[in-house]
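These are the residues of each chain, in order.
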Amino acid sequence: MSPSYDLWKLARFVTITNMVIPDHLEALTKIVLHNLRYQHDWVEVHQYTKPELPRPMIYGLPPKRLYVHPDEQVAIIRAEKETGQRIEPEPELEWVLPLHLSEKWTPGQFAALFDAIDSIPPGGPDPDSFDLDDPASQWKLWQGPKRGKRVLLATVQDDSTVTYYWIFDGLVKPRQN
């Protein structure tokens, strides 16, 4: 390789919060941020970087609840019977991982990703603030201390189409329909 090529490669990196992020990852992140904000009406959408993460992530608040754990669903039904009122779970902050369709991630890479994040993104509820003894509020624990780690994979195709898939840390029971 010529020295000018090496300088060109070096110049193609962007520095964000003391991390060097290649241009293609920055571009993927921007595509997904734009898609979430303007196509799916997410709010409080932020890029998230830290040294333990293999690449930048995104977190934000969707306009409606995207995922209800099967055990949370059962707890909500019980609470609705007890109170006689319909319970509509509020939206939660969600993690998003921008990927390109051509990338091949291994289970080890996903495990490292899950090790590097908390179950609740920054700005979410404090898991210690939930009342563990209130039987009518047991379903709310799934938004705090019982919430498992999950990430919404944002897979970007060559034409900038974004497809979303859930991935979870560990095994999760299938949802009840």
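Located above this text is the structure these notes cover.
If you're wondering where the values come from, they're calculated on a predicted model, not measured in any experiment. (Residues numbered from 1 in each chain as written. Predicted model: local features only at pLDDT ≥ 70, side-chain atom pairs only at ≥ 80, totals over all residues. Heavy atoms only, no water.)

Q: Can you walk me through the overall build of the chain in this structure?
A: The helix and strand tally for the chain stands at 4 helices and 7 strands. Written out in order from the N terminus, the α and β elements of the chain read α-β-β-α-β-β-α-β-α-β-β. Taking all 177 residues of the chain together, the buried fraction comes to 38%. Surface accessibility of the chain: about 10,800 Å² in total, with carbon and sulfur atoms responsible for 53%. (Helix = DSSP H or I, 4+ residues; strand = E, 2+ residues; numbered from the N terminus. Buried < 20%, exposed > 50% of the residue type's maximum accessible area, 1.4 Å probe, protein only. Areas by Shrake-Rupley, 256 points an atom, 1.4 Å probe, with all protein chains shown as cover.)

Q: Where do I start with the packing of aromatic side chains in this structure?
A: To describe a pair of aromatic rings, one takes the distance between the centres and the angle between the planes. Under the counting rule described, the total for this entry stands at 5 aromatic pairs. Centroid distance Y48 to Y59: 6.1 Å. Interplanar angle 75°. Geometry classified as edge-to-face. Of this pair, Y48 sits in strand β3 (residues 43-48) while Y59 is found in strand β4 (residues 57-61), placing the two residues 11 residues apart along the sequence. Here Y59 and W95 contribute two aromatic rings whose centre-to-centre distance is 5.9 Å and whose plane-to-plane angle is 70°, an arrangement assigned as edge-to-face. In this pair, Y59 sits in strand β4 while W95 sits in strand β5 (residues 94-100), placing the two residues 36 residues apart along the sequence. Overall, the relative accessible area of 12% leaves Y59 in the buried class. (Phe/Tyr/Trp six-rings, centres within 6.5 Å; stacked < 30°, edge-to-face > 60°.)

Q: How should the pairing of β4 be read in this particular structure?
A: Two faces belong to every sheet, and in a regular strand the side chains alternate between them. Of all the 5 residues making up β4, 5 are buried; the element is thus mostly covered by neighbouring parts of the structure. Neither face of β4 is left uncovered, since the one carrying M57, Y59 and L61 and the one carrying I58 and G60 both have all their residues buried. Bridge count for β3 against β4 is 4 bridges, and the pairing is antiparallel. Pairing of V43 across the sheet is with L61, part of β4. Two elements, β4 and β5, share 3 bridges in a ladder whose sense is antiparallel. Within the sheet, the bridge partner assigned to G60 lies in β5 and is E94. (Pairing = 2+ DSSP bridges.)

Q: How do you make sense of helix α3 (residues 70-83) when you look at a structure like this?
A: Residues separated by three or four positions in an α-helix point in the same direction, a consequence of the helix having 3.6 residues per turn. Taking 1.5 Å as the rise per residue, α3 with 14 residues should run 20 Å; its terminal C-alpha atoms sit 20 Å apart, in good agreement. By the burial criterion, the buried members of α3 are P70, E72, A75, I76, A79 and E80. Among the residues trailing α3, G84 stands out with phi positive, at a value near 75°. (Expected span 1.5 Å × (residues − 1).)

Q: Could you clarify how one ought to interpret unusual backbone geometry in this entry?
A: The bulk of non-glycine residues show a negative phi, and the bulk of peptide bonds are trans. The backbone of E44 shows a phi angle near 50°, a positive value even though the residue is not glycine. One can find E44 in strand β3. With phi around 75°, S160 is a residue other than glycine that occupies positive phi space. Among the structural elements, S160 can be located in the loop between β6 (150-156) and β7 (162-168).

Q: Mind showing me how you'd approach the pattern of salt bridges here?
A: Pairs may arise between side chains of opposite charge once their charged atoms sit close together. This model, assessed by the stated rule, comprises 6 salt bridges. Here R86 ties to E88 by a salt bridge, and the two come within 3.5 Å at their closest N and O atoms. Neither R86 nor E88 differs from the other in exposure class; each is exposed. In this structure, E92 and R150 form a salt bridge, with 2.7 Å as the shortest nitrogen-oxygen distance. Placement of E92 in the loop between α3 and β5 and of R150 in strand β6 is noted, with a sequence separation of 58 residues between them. For the pair E92 and R150, one class covers both residues: buried. (Salt bridge = Lys/Arg side-chain N within 4 Å of Asp/Glu carboxyl O.)

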